[in-house]
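Below are the chains, spelled out letter by letter.
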Amino acid sequence: MRWEEEGMKQNAFIMGNKLMGSNPHAFSLIMPSIPITHTQTPYVTGTSVLGIKYKDGVLIAADTAGSYGSTTRYKSVERLRPIGQNTLVGATGEMSDFQTILQILDRLIITNAMFDDDNTLGPPDIHSYLNRVMYNQRNKLDPFWNTLMLGGVKNGVKYLGNVTMLGLHYVDDHVATGFGIHLAQPIFRNEWNEDMTLEQGTKLLEKCMLVLFYRDRSAINKMQIANITEDGVKISEPYALQTKWDYEAFSNPTVGNEGSW
Amino acid sequence: MEPMAGEWTSAAHSMGTTIMAVEYNGGVILGADSRTTTGVYVANRASDKITQLTDNVYLCRSGSAADTQVVSDYVRYFLNQHTIQLGREATVKTAATLVKELAYQNKSFLQAGMIVAGWDKYDGGSVYAVPLGGTLLRLPFATGGSGSSYLYGFLDQAWRPQMSKDEAERFVVKSIALAIARDGASGGVVRTVTVNEHGVERNFFAGDKLPLFHEEIPPGRNSLLA
């Protein structure tokens with residue numbers, strides 16, 4: 001059908017050189033005689049993203065750190081972004097690739113709006129699209145070095161899932177990326193339940209973010225929480241958690257066993 | 001599997017240079033040292049690492065000298081055409097986006113950490129960082145190069161928003177001087193470029209006129225010749 005061809009052409013336009021459109025080599029500094037394979041290394045990276053469903057929708061949290069190897073180079077990087085009216089995307093990994101993905105998603109939303117038929121893309125649609133984007137890049141051995149988290153509510157249906165740089169994708173009632181998989185998911189498994197209120201959900205996420213701040217060297221104590229409900233996406237201003245260091249055991253831990261730590 | 005485990009641990013490079021740009025109340029100040037090294041040899045002790053892209057936008061370059069020269073040449077060329085077609089001066093954001101696009105699309109070939117800064121009538125003074133990988137970040141101030149490692153603590157403590165032009169320039173010169181004091185790959189003179197609505201001003205702070213820090217002594221006579 002002709003409209004299908006148009007759709008395919010639009011995808012080629014978007015995917016062409018990730019973004020460029022008419023001339024994919026406009027910004028290439030070399031013209032190779034054989035196909036280039038990339039598989040890069042990440043430079044500026046974001047750490048864990050955490051997400052849970054709750055009674056009225058979905059909550060997603062992430063800190064605002066942009067690490068550069070072991071240095072916390074940028075301390076105000078927004079890793080949670082709204083997509084359309086119903087969805088939020090959070091990213092772990094290379095921030096330049098996340099910025100490119102946001103532009104790709106922007107194109108998707110705009111192109112869809114141009115059909116002018118009151119159809120909007122919901123979380124499952126964005127998830128499916130992102131999966132195709134990530135998997136296709138992986139097949140070109142030129143991945144977007146990110147794990148993306150995707151959450152939202154549309155028509156009363158709550159949705160939450162992940163897509164990795166290899167194109168692995170899944171949905172669940174609670175998900176995490178990066179270090180959060182190891183430290184936060186077990187807490188979710190124990191303490192999450194279906195009817196959590198906004199306050200209970202927030203407390204659970206903050207508990208896990210605190211653990212990550214203590215135990216993930218890339219994490220900083222400056223985070224944002226996003227609340228997605230039927231009414232839309234709301235991302236909080238960055239804020240910090242109260243930390244606790246005044247345990248007796250912390251003040252003189254090596255008395256009696258010098259050289260210990 | 002997870003992005004945090006992997007090759008970046010063995011991919012550390014030293015990027016000779018200290019570069020910096022600061023937004024102040026009315027414009028921007030760009031600053032850089034002047035040392036270019038090939039290995040341990042100082043190939044040029046008076047280089048100019050602050051390159052003009054348009055009348056109102058400048059670029060600080062760190063990393064591979066060749067890579068950053070090529071990127072700045074292309075961006076200067078694109079912006080020249082863009083300005084003619086647009087009919088008015090290019091914005092800092094446009095210049096920064098072009099730099100980012102080159103850095104991002106060619107990330108596997110380039111070793112270029114750059115800072116784009118300038119003044120336009122829409123956003124006033126703006127500073128954009130384009131680190132390795134091609135992330136684009138608008139910031140109130142940015143640093144780069146191997147010398148920048150020594151500045152994080154100082155900047156965390158000393159930087160304030162809305163500095164005046166003179167305060168901001170003193171701040172930049174002091175920062176670069178501190179980095180030069182500790183980073184072997186940074187040295188020479190401190191060059192600054194101030195860009196605001198009135199135009200552009202270049203300044204030069206000679207190596208022997210920079211502030212002295214811990215355990216550094218002023219030049220003087222040999223104590224044996226008293």
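What comes next concerns the included structure. Note that this is a predicted model, so its numbers are computed, not measured.

Some words on the overall build of chain B
Along chain B, the regular secondary structure elements total 4 helices and 12 strands. With the C-alpha coordinates aligned to their principal axes, the bounding extent of chain B is approximately 70 × 50 × 35 Å. Counting over 226 residues, chain B shows a buried share of 50%. For chain B, the computed accessible surface area is about 11,000 Å², with 52% contributed by carbon and sulfur atoms. The average position of the 20 basic charges and that of the 22 acidic charges among the side chains of chain B differ by 4 Å.

Here's the deal with the overall build of chain A
Broken down by element type, chain A carries 7 helices and 13 strands. Residues counted as buried form 47% of the 261 residues belonging to chain A. Here the contacts in chain A between residues at least 6 apart in sequence split such that 64% fall between residues at least 24 apart. If you sum the accessible surface of chain A, you get close to 13,600 Å²; carbon and sulfur atoms cover 53% of it.

A few points about unusual backbone geometry
The backbone phi angle of D118(A) is positive, close to 60°, even though this residue is not glycine. As for its position among the elements, D118(A) is in the loop between α2 (95-113) and α3 (123-139).

A closer look at the sheet that holds strand β12 (residues 223-229) of chain A
Sheet strands pair by backbone hydrogen bonding; their relative direction is either parallel or antiparallel. Residue and element names in this part refer to chain A. Spatially, the 5 strands line up as an open sheet ordered β11-β2-β3-β12-β13, and their pairing is antiparallel. Either end of the sheet is taken by a strand with one partner, and the two such strands are β11 (174-176) and β13 (232-235). With strand direction ignored, the average angle separating the axes of adjacent strands in the sheet is 15°. With 3 bridges connecting them, strand β2 (residues 49-54) and β11 associate as antiparallel partners.

A closer look at the packing of aromatic side chains
The final tally for this structure, using the stated rule, is 8 aromatic pairs over all chains. Relative to F250(A), the ring of Y247(A) has its centre 5.0 Å away and its plane inclined at 65°; by these criteria the two rings are edge-to-face. Residue class for Y247(A) comes out partly exposed when judged on its relative accessible area of 41%. Both rings, one in Y77(B) and one in F78(B), keep their centres 5.7 Å apart while their planes meet at 40°; by these two values the pair is tilted. On the accessibility criterion, Y77(B) (47% relative accessible area) is partly exposed. Taken together, the ring pairs connect F27(A), Y74(B), Y77(B) and F78(B) into an aromatic cluster. The aromatic ring of Y68(A) is capped on one face by R73(A), whose charged end is 4.7 Å from the ring centroid.

Let's talk about the interface of chain A and chain B
Between chain A and chain B, the residue contacts involve 40 residues of the former and 35 residues of the latter. Interface area for chain A against chain B, summed over the two sides, is near 3,200 Å², with a carbon-plus-sulfur share of 62%. Inspection of the chain A/chain B interface yields 2 salt bridges. With a shortest N-O distance of 3.4 Å, D156(B) and K75(A) are connected by a salt bridge. Run the count over chain A and chain B and you get 11 residue pairs in polar contact (both at pLDDT 80 or more). Elements that contribute at least two residues to the side of chain A that touches chain B include exactly β1 (44-46), β5 (71-74), β7 (87-94) and α2 of chain A. If you tally residues by element for the side of chain A that touches chain B, the top one is α2(A), at 6 residues.

Thoughts on the layout of surface pockets
Of the voids in this model, the largest pocket is the one considered here, and its volume is about 1,300 Å³. Lining the largest pocket we find 39 residues, and of these V77(A), L136(B), L137(B), R138(B) and L139(B) sit closest to its centre. For the lining of the largest pocket, the secondary structure elements donating two or more residues are β5 and α2 of chain A together with α2 (92-105), β8 (124-130), β9 (137-139), β10 (141-144) and α3 (152-158) of chain B. In terms of residue count, α2(A) provides more of the lining of the largest pocket than any other element does, 7 residues in total. Of the residues that constitute the lining of the largest pocket, the class distribution is 20 nonpolar, 7 polar and 12 charged.

Examining empty space enclosed by the protein
All names here are of chain A. Within this structure, the stated rule accounts for 6 cavities of 30 Å³ or more. Taken as a whole, the largest cavity holds about 100 Å³ of empty space. D63, M209, F213, A219 and I220 are, among the 13 residues lining the largest cavity, the residues nearest its centre. Taken together, the residues of the lining of the largest cavity break down into 7 nonpolar, 3 polar and 3 charged.

Section: the sheet that holds strand β5 (residues 50-52) of chain B
All names here are of chain B. Read across the open sheet, the 5 strands follow the order β5-β6-β7-β8-β9; overall the sheet is antiparallel. Edge positions in the sheet fall to β5 and β9, since each has one partner strand and no second. Within the sheet, the average angular offset between the axes of one strand and its neighbour, ignoring direction, is 30°. Relative to strand β7 (residues 112-120), strand β6 (residues 57-63) is paired through 7 bridges, and the arrangement is antiparallel. What sits directly across from Y58, in β7, is A117. Packing against the sheet, helix α1 (residues 65-86) makes contact with β5, β6 and β7, and its axis sits at approximately 160° to β6.

Describing the environment of G113(B)
Residue and element names in this part refer to chain B. By secondary structure assignment, the location of G113 is in strand β7. Placed 87 residues apart in sequence, G113 and G26 show a C-alpha to C-alpha distance of 26 Å. Residues contacting G113, with those up to four places away along its chain left out, are I19, C60, R61, S62, V130 and L132.

Details of the side chain of S175(B)
Residues and elements named next belong to chain B. You can see S175 is positioned in helix α4 (residues 165-182). Its relative accessible area of 0% is what places S175 among the buried residues. The contacts of S175, once residues within four sequence positions are left out, are M20, L151, F154 and L155.

How each quantity is defined
- Residues numbered from 1 in each chain as written.
- Chains lettered and ligands numbered in written order.
- Predicted model: local features only at pLDDT ≥ 70, side-chain atom pairs only at ≥ 80, totals over all residues.
- Heavy atoms only, no water.
- Helix = DSSP H or I, 4+ residues; strand = E, 2+ residues; numbered from the N terminus.
- Buried < 20%, exposed > 50% of the residue type's maximum accessible area, 1.4 Å probe, protein only.
- Areas by Shrake-Rupley, 256 points an atom, 1.4 Å probe, with all protein chains shown as cover.
- Lys, Arg positive; Asp, Glu negative; His and termini not counted.
- Charge placed at Lys NZ, Arg CZ, Asp CG, Glu CD.
- Contact = heavy atoms within 4.5 Å.
- Pairing = 2+ DSSP bridges.
- Axes fitted to C-alpha atoms, helices over the stretch in contact; angles between N-to-C directions.
- Phe/Tyr/Trp six-rings, centres within 6.5 Å; stacked < 30°, edge-to-face > 60°.
- Lys NZ or Arg CZ within 6 Å of the ring centre and 35° of its normal.
- Buried area = accessible area lost by both parts, 1.4 Å probe.
- Salt bridge = Lys/Arg side-chain N within 4 Å of Asp/Glu carboxyl O.
- Polar contact = N/O pair within 3.5 Å; in protein donor to acceptor, adjacent residues only side chain to side chain.
- 1 Å grid on protein atoms, 1.4 Å probe; cavity = no way out; pocket = protein on both sides within 12 Å on 5 of 7 lines; lining within 4 Å.
- Points joined across faces, edges and corners; volume = space filled by probe spheres on them.
- Nonpolar A, V, L, I, M, F, W, Y, C, P; charged D, E, K, R; others polar.

Shape is all these values report; function is a separate question.
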